[in-house]
Each structure stands twice: as C-alpha cells, then as structure tokens.
Amino acid sequence: MRLTVAQALVRFLAAQHTERDGRRHRLIAATWGIFGHGNVAGVGQALLESGPQAMPFLQGRNEQAMVHAAVGYARQSGRLSTHAVTTSIGPGATNLVTGAALATINRIPVLLLPGDTFATRPADPVLQQLEVPHAGDVSVNDCLRPVSRHFDRVTRPEALIPAALQAVRVLTDPVQTGAVTLALPQDVQAEAYDWPEEFLAERVWGVRRPRPDRTELAAAADAVRDSARPLIVAGGGIRHSEAQASLAALAEATGIPVAVTQAGKGVLPYGHPADVGGIGHTGTATAAALAREADLVLAAGTRLSDFTTASATLFQDPGVSFVGLNLDPYDAHKLAARPLVADAREALDELRQALAGHRVDTAYETAYRQEAARWETRVDAAYAVTAPDEELPPTQAQALGLLDALVDGSDILVNAAGSLPGDLHKLWRARSADQYHLEYGYSCMGYEIPAALGVALAAPGRPVWALVGDGTYLMNPTEIVTAVQEGVPIRVVVLDNHGYASIGGLSGAVGAEGFGTAYRFRAPDGAYTGDPLPVDLAANAASLGMAVIRARTVRDLREALAEARSATRPTCVYVQTRTPDTVSGPPPAQAWWDVPVAETATRKAASRAREEYDRQAAQRRRHL
C-alpha cells in the first residue's frame with residue numbers, strides 16, 4: 001500500500017491494541033496536536049486523511065499540557081490505553097520535555113511525535129534548527145532522549161517499520177513504559193513508500209502478568225512469618241496492576257497494616273481496617289509510628305522515593321528488613337530488599353496462599369487500629385467548621401472538608417503540586433480505587449487542569465475535579481480552552497493564597513524566611529511584603545470560556561461546590577483562602593524531608609534551621 005510515512009504511521013497506530021485478562025483496549029485512543037511547519041503537511045495531513053473514526057484528533061493549546069492530558073488519560077485507563085502527541089520542530093518539540101519527564105518518572109505510557117529538521121538537508125539550517133558545530137545529526141529533539149524510555153529518529157521511510165514496532169513494544173511493557181519519542185523529520189513525513197500490508201494490520205500486544213519466582217516467594221513468606229511488626233507500603237504499582245482486591249485480601253487474612261504512598265492512596269478504600277493512611281513526609285502519624293518500629297517492610301509497587309522514606313530516616317528499627325515486590329528489578333532491590341519480582345496481583349495472591357494460617361499478634365493489630373481511629377479525629381478537627389466560620393473565608397483544610405462531604409465514589413480528584421498534596425495525603429478519605437489522582441513523582445505545577453481533561457475523557461460522566469492553588473493555575477490554564485471546545489465539564493477549584501504557599505512554608509523551615517514566595521507588591525525595603533497583587537484569576541477563567549462561581553465564605557464555598565458538581569459545562573470555583581492561614585488545618589509533617597540548609601549564615605533563622613537539619617540528618621541510615 002503506497003502511503004506517506006505519516007499516513008502509514010497513523011494507520012499503524014490506529015490498528016494497535018493491548019490485551020490483559022481477556023479485555024482488549026485500543027492503545028492510541030486519540031492524537032493531540034499543535035501544528036507548525038514541522039508537522040502540518042506530514043502528520044497533520046495524515047490525520048485529516050484518516051478521519052476521526054480511524055484516529056480522533058484533539059486540539060491542544062500548549063505542548064506540555066497536551067502531554068499532561070495524555071498522561072491523565074493513560075493513568076485513568078490503567079496504562080492500557082493512551083494518547084499520542086504531535087508537535088512541530090523547535091519550541092513545540094522542546095515544550096514536550098517537561099511532560100515527557102513526568103510520564104517517564106510516573107511510569108505512564110505516552111507517545112510523542114515531534115517534527116524534526118530535514119533528513120536530506122536541502123537547506124541547512126532551516127527555521128528553528130539548532131546548529132551544533134561538532135555534530136550534524138543533533139536537533140532539539142535530542143533533549144527528549146534522557147526523559148524518554150525509548151527514542152528513535154525516523155530518517156528513512158522504511159525505518160518506520162522497526163521504529164514503530166519498538167515504540168509500541170515499550171509503551172505496552174509494564175516495566176519499561178513511559179514517554180516514547182519518535183522524532184519525525186519533516187521531509188520524511190511527507191515521503192511515500194510501498195508498505196507491507198502486514199505492517200498496517202491489526203495487532204494485539206499482550207500485557208504480561210509475570211508470576212513470582214518460587215524461591216523469592218518462599219523467602220518473602222518466611223520473612224513475614226519471622227516478623228513481629230510487619231508493615232506493607234503500597235504504591236502506584238498496586239493500582240496499575242489492578243491488585244486492590246488482592247492487597248485487601250492479604251491484609252485481611254494476615255492483619256498486616258497498609259500504609260500508602262501518594263500514588264497508592266485509594267488502593268484500600270477509606271475505612272478499611274488495615275488502612276493506616278499516607279506514609280512519609282506528607283503522611284499520617286499512625287503510618288509514621290508504624291514505620292519507625294517495623295521490623296519488616298513489604299514495599300509493594302513503590303519506587304521508595306525520598307518523601308516515602310522520609311529521606312532515609314523513617315525506618316528506624318535496628319533489624320528492619322525489606323521485601324521489594326515490584327515488576328521492575330531495579331525497584332525491587334532498593335534498600336537491599338529481598339526481591340519479589342512479579343506482577344503485584346499475582347504476587348499478592350500467591351503470598352497470601354503461602355501465608356495461610358499466619359496472622360500478626362492481636363495486640364499489634366488492635367494498637368494500630370486504635371491509632372488510625374485517633375488520627376481520624378485529627379482529620380475531623382482540620383475539616384471542622386464552627387458557626388462563626390460560616391461567614392469567614394475557608395482555610396484550605398476546610399475547603400477540602402467541604403468537598404469531602406459532597407463527593408461520592410464516582411468523583412475523581414486531580415492534583416500535583418503546592419501545599420495541597422500534603423493536605424490531601426494526610427486528610428483525604430478516598431472512596432474508590434481511582435478517586436485520588438495525585439501526580440507526585442514529578443510534582444509538576446500545571447499538571448492538574450490538562451490532566452483532569454484527560455481523566456474526564458477516559459471516564460466520561462464522572463465528576464472530575466482539578467484542585468489548584470493560584471501559583472499552579474498561572475502555570476498552565478491553557479487547556480481550559482480545549483475543555484470548553486470539547487464540552488468536557490471538568491471542575492477547577494482555585495484556592496488563592498497569594499503565592500507559593502507550600503514553598504513559602506518550606507522556605508521558613510529552612511531559614512530562607514519565605515524569600516520570593518509571595519505574590520505581593522514590593523515593600524519599601526524591596527521585599528515582596530506589600531499588598532496582594534490585583535490579579536483576578538476568576539475573571540481569567542471566565543475569559544477562557546468557563547462558567548465561574550466566586551465564593552467568599554465557607555457558606556458560599558459549600559454552595560459553589562455543589563453547583564459545580566452538577567454542572568454540565570466546564571466550571572471554575574474560585575475562593576481566596578483565609579490569611580495569614582495560608583497552609584492551615586492539618587497536623588504538621590510527621591516525618592522529615594531532606595532539604596539542605598546553609599551550613600554557614602549570618603541570619604539567625606538560617607542558623608536555627610541548620611541546627612534542626614543536623615539533628616534530623618543524624619538519624620539517616622543506609623539500609624544494607
């Protein structure tokens with residue numbers, strides 16, 4: 001079949017499917033695009049020619065945001081379906097880098113199709129070409145190499161065949177998946193070739209569920225039996241594997257408590273007797289205390305990042321050991337763990353069978369359940385609204401409490417950065433396995449709104465909420481326009497606290513005194529401590545086409561959230577949170593996070609912060 005390279009690529013992608021547990025999914029459900037000279041006559045023309053039935057097209061406004069939307073869609077789809085993203089060369093391509101890093105760090109598949117400079121070099125340089133005197137084959141797309149799980153440049157038509165097959169192999173591999181980049185020189189995109197029909201035929205890629213090695217499984221079971229205070233740390237791998245029921249069955253059979261990472265929150269529903277809440281720097285006191293005393297940690301589907309391990313200070317028992325249950329051997333071996341390399345669902349089921357009859361001591365089980373119940377009273381206190389509060393601006397925690405009282409298991413919350421992730425990890429009561437959508441691998445400001453759009457496309461009919469601060473809103477509101485254009489009724493809740501509140505709090509803790517973190521006019525001394533800036537984010541959202549509901553008080557916000565939940569068009573709820581209570585309500589961090597403090601300073605705040613830093617850092621240990 002004679003087609004251009006771009007036409008063949010679009011046909012190929014439309015014919016690719018994944019299959020797991022007997023269920024088939026279209027791999028590339030749609031393509032996002034912004035067109036320029038590097039892709040308009042190639043991929044753009046091919047998408048036009050294919051038609052929306054073969055390859056649906058979504059018009060983006062910012063290249064980074066398009067990747068975020070694709071990531072939101074892919075995560076909501078269980079990593080079994082995703083979107084492609086096409087851009088021109090130059091800034092369109094380099095704008096992909098942040099989104100690609102986010103996808104790869106979070107192990108979420110997304111296909112990037114940036115245009116590239118001419119392979120045949122008829123003119124050198126062309127518009128937007130980066131000239132590298134020592135390497136003629138380098139373009140700006142090479143910026144994507146370190147943030148892609150697979151990268152290829154298709155410099156001849158026939159090279160598309162192995163390149164496309166390898167790209168899909170990585171996208172569908174549960175271990176290797178992440179951002180995959182196929183750089184497409186603009187002249188090659190438009191070049192015709194006679195394609196084998198087999199290349200364009202429907203193809204199904206099975207998504208593996210590898211079972212655990214018998215020896216590793218036996219060692220893991222022995223380690224659990226030999227422990228007195230075991231703890232399961234559950235991460236996003238539980239969700240990706242759809243292993244929630246298997247995790248619950250293991251916890252119920254053995255009585256082992258389960259603490260969750262940001263990516264893992266919700267894998268046990270709120271109220272499950274084994275759930276002890278978030279773990280690490282943004283976690284609960286219950287989980288932190290259990291982690292400090294645990295003699296065995298079963299790390300299931302987690303990368304064990306510094307927030308989870310409290311920068312290697314959390315697991316303090318002298319004899320603590322680890323079992324690393326992960327599909328990826330790289331993660332399974334972290335903290336010198338006994339590896340259990342397998343699909344999470346398969347491994348948890350077989351581990352439960354291997355532990356038949358084993359249960360933790362009754363006193364241990366009773367104690368952690370009582371502590372978890374005590375933590376819930378702290379959540380109630382953070383959410384509490386008194387009669388005088390009704391006519392005051394809400395605290396951030398009260399705003400979350402109002403939303404908590406409104407939603408049910410069908411709602412989905414999307415967040416990524418600022419002070420909200422810490423509050424949500426400590427306080428939110430997840431009512432379904434996919435309600436809590438936190439991107440905290442890259443913690444990228446600006447992820448929330450486009451990701452909410454992607455989530456809503458993957459879960460039509462469900463209320464999807466993007467929770468953002470004013471700093472995050474200003475980073476990337478552009479896909480509001482796409483949500484309006486497509487009629488996707490996302491709900492954007494803007495909590496305006498006049499600056500980078502999370503970093504402002506951290507700045508104060510490390511002796512930097514909140515420098516450069518407030519959105520205010522300059523005072524006479526040159527600091528940003530004057531009046532708040534007269535920026536109207538609600539008016540901005542309205543100018544982009546959203547319905548906007550302004551809330552001034554707790555009472556207003558309660559009504560606004562209810563109205564937004566029933567809305568049938570994209571809707572923004574805007575409220576200024578109570579000041580100076582910019583990061584308020586929840587208990588402070590229950591575990592440390594290593595942010596180095598100036599070793600020498602003339603300002604007292606930095607000197608005091610360094611003393612605290614040295615005290616905390618002394619507890620750090622290497623698990624060998």
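Residues numbered from 1 in each chain as written. Predicted model: local features only at pLDDT ≥ 70, side-chain atom pairs only at ≥ 80, totals over all residues. Heavy atoms only, no water.

K.L.:
Would you mind going over the overall build of the chain with me for this structure?
P.N.:
Helix and strand counts for the chain come out as 25 helices and 23 strands. Here the C-alpha radius of gyration of the chain, 25 Å, is about what a compact globule of 624 residues would show, namely 25 Å. The principal-axis extent of the C-alpha atoms belonging to the chain is close to 70 × 70 × 55 Å. Here the analysis covers contacts within the chain between residues at least 6 apart in sequence; of these, 77% occur between residues at least 24 apart. With the model as given, the accessible surface of the chain reaches about 24400 Å², and the carbon-plus-sulfur share is 52%. A distance of 2 Å separates the average location of the 57 positive side-chain charges in the chain from that of its 67 negative side-chain charges. (Helix = DSSP H or I, 4+ residues; strand = E, 2+ residues; numbered from the N terminus. Rg over C-alpha atoms; globule rule 2.2 N^0.38 Å. Contact = heavy atoms within 4.5 Å. Areas by Shrake-Rupley, 256 points an atom, 1.4 Å probe, with all protein chains shown as cover. Lys, Arg positive; Asp, Glu negative; His and termini not counted. Charge placed at Lys NZ, Arg CZ, Asp CG, Glu CD.)

K.L.:
Whenever I open this one, unusual backbone geometry confuses me. Can you help?
P.N.:
Most peptide bonds take the trans configuration, and most residues that are not glycine carry a negative phi. In this structure, P125 follows D124 across a cis peptide bond, with omega equal to 10°. By secondary structure assignment, the location of P125 is in the loop between strand 7 (110-116) and strand 8 (150-153). For R121, which is not glycine, the phi torsion reads 55° and is therefore positive. Positive phi, close to 55°, is recorded for L304, a residue that is not glycine.

K.L.:
Looking at this model, I keep getting lost on a nonpolar patch on the surface. Mind explaining?
P.N.:
Taken together, the side chains of L474, F521, L533 and V535 present a nonpolar region at the surface, about 340 Å² in accessible area. The residue V535 is located in the loop between helix 22 (501-509) and helix 23 (537-543) in this model. (Patch = residues over 30% accessible without salt bridge, like charges linked within 9 Å, V, L, I, M, F, W, Y side chains within 5 Å. Salt bridge = Lys/Arg side-chain N within 4 Å of Asp/Glu carboxyl O.)

K.L.:
Can you walk me through the environment of R229 in this structure?
P.N.:
As for its placement among the helices and strands, R229 is situated in the loop between helix 9 (214-226) and strand 12 (230-234). Residue classification places R229 among the partly exposed positions, given a relative accessible area of 29%. Separated by 65 residues in sequence, R229 and A294 place their C-alpha atoms 5.0 Å apart. There is a polar contact of 3.0 Å between the side chain of R229 and the side chain of D317. (Buried < 20%, exposed > 50% of the residue type's maximum accessible area, 1.4 Å probe, protein only. Polar contact = N/O pair within 3.5 Å; in protein donor to acceptor, adjacent residues only side chain to side chain.)

K.L.:
What am I meant to see in the packing of helix 1 (residues 5-14) against helix 6 (residues 160-171) here?
P.N.:
Relative placement of two packed helices is described by the angle separating their axes and the distance separating the axes. At a minimum axis distance of 11 Å, the contact between helix 1 and helix 6 shows a crossing angle of 30°. Compared by their axis directions, helix 1 and helix 6 come out roughly parallel. At the point where helix 1 passes helix 6, the crossing takes the right-handed sense. For the pair helix 1 and helix 6, contact is made by V5, A8, L9 and F12 and by L160, A164, L165 and V168, respectively. The residue inventory of the contact of helix 1 with helix 6, partitioned by class, reads 8 nonpolar, no polar and no charged. (Axes fitted to C-alpha atoms, helices over the stretch in contact; angles between N-to-C directions. Parallel < 35°, antiparallel > 145°, perpendicular 65-115°, else oblique. Left-handed = near helix turned anticlockwise from the far one by under 90°. Nonpolar A, V, L, I, M, F, W, Y, C, P; charged D, E, K, R; others polar.)

K.L.:
Help me out: how do you make sense of the sheet that holds strand 16 (residues 321-326) in this one?
P.N.:
Whether parallel or antiparallel, the strands of a sheet pair through hydrogen bonds between backbone atoms. With parallel pairing, the 6 strands of this open sheet are ordered in space as 14-13-12-15-16-17. Where the open sheet ends on each side, the last strands, each with one partner, are strand 14 (275-278) and strand 17 (338-341). For this sheet, the mean inter-axis angle between neighbouring strands, taken without regard to orientation, is 20°. In terms of strand pairing, strand 12 meets strand 13 (residues 258-260) through 3 bridges, oriented parallel. Opposite A234, over in strand 13, you have V260 as the bridge partner. (Pairing = 2+ DSSP bridges.)

K.L.:
Would you explain helix 9 in this entry?
P.N.:
Working note: α-helix, 3.6 residues per turn, so residues spaced by three or four point in the same direction. Its 13 residues give helix 9 an end-to-end C-alpha distance of 18 Å, which sits within 8% of 18 Å, the value for a rise of 1.5 Å per residue. Considered for burial, the residues of helix 9 that qualify are L217, A220, A221, A223 and V224. The buried residues of helix 9 all sit within an arc of 160° when viewed along its axis, so they share a single face. Summarising the geometry of helix 9, the exposed residues directed more than 90 degrees from the buried face are R214, T215 and D226. Residues of helix 9 that are buried in the fold lie against strand 15 (296-300), strand 16, strand 17 and helix 15 (344-354). The distance from a side-chain oxygen at the start of helix 9 to the backbone nitrogen of T215 is 2.9 Å, and the residue carrying that oxygen is D213. (Expected span 1.5 Å × (residues − 1). Arc of directions from axis to C-beta.)

K.L.:
In this structure, what is going on with the nonpolar core? I would like to understand it.
P.N.:
Note that soluble globular proteins tend to have their nonpolar side chains buried in a common cluster. Among the nonpolar cores identified, the biggest contains 52 residues, and I238, L247, V258 and I279 are the most heavily contacted of them. It is helix 9 that provides the largest number of residues to this core, a total of 5 residues. Setting aside chain neighbours within four positions, we find I238 in contact with A243, Q244, L247, V267, A300, A344 and L348. If you look at the next biggest cluster of nonpolar residues, it comprises 51 residues, including L58, Y473, V492 and M546. (Core = buried A, V, L, I, M, F, W, Y, C linked by side-chain atoms within 4.5 Å.)

K.L.:
Any chance you could explain the state of the cysteines here in plain terms?
P.N.:
Simply put, disulfide is the name for a covalent bond between the sulfur atoms of two cysteines. Counted according to the given criterion, the structure contains 0 disulfides. Note on C143: no disulfide assigned, nearest cysteine sulfur contributed by C444 at a separation of 17 Å. Relative accessible area serves as the criterion here: at 9%, C444 is assigned to the buried category. (Disulfide = S-S within 2.5 Å.)

These results come straight from atomic positions and should not be treated as a statement about function.
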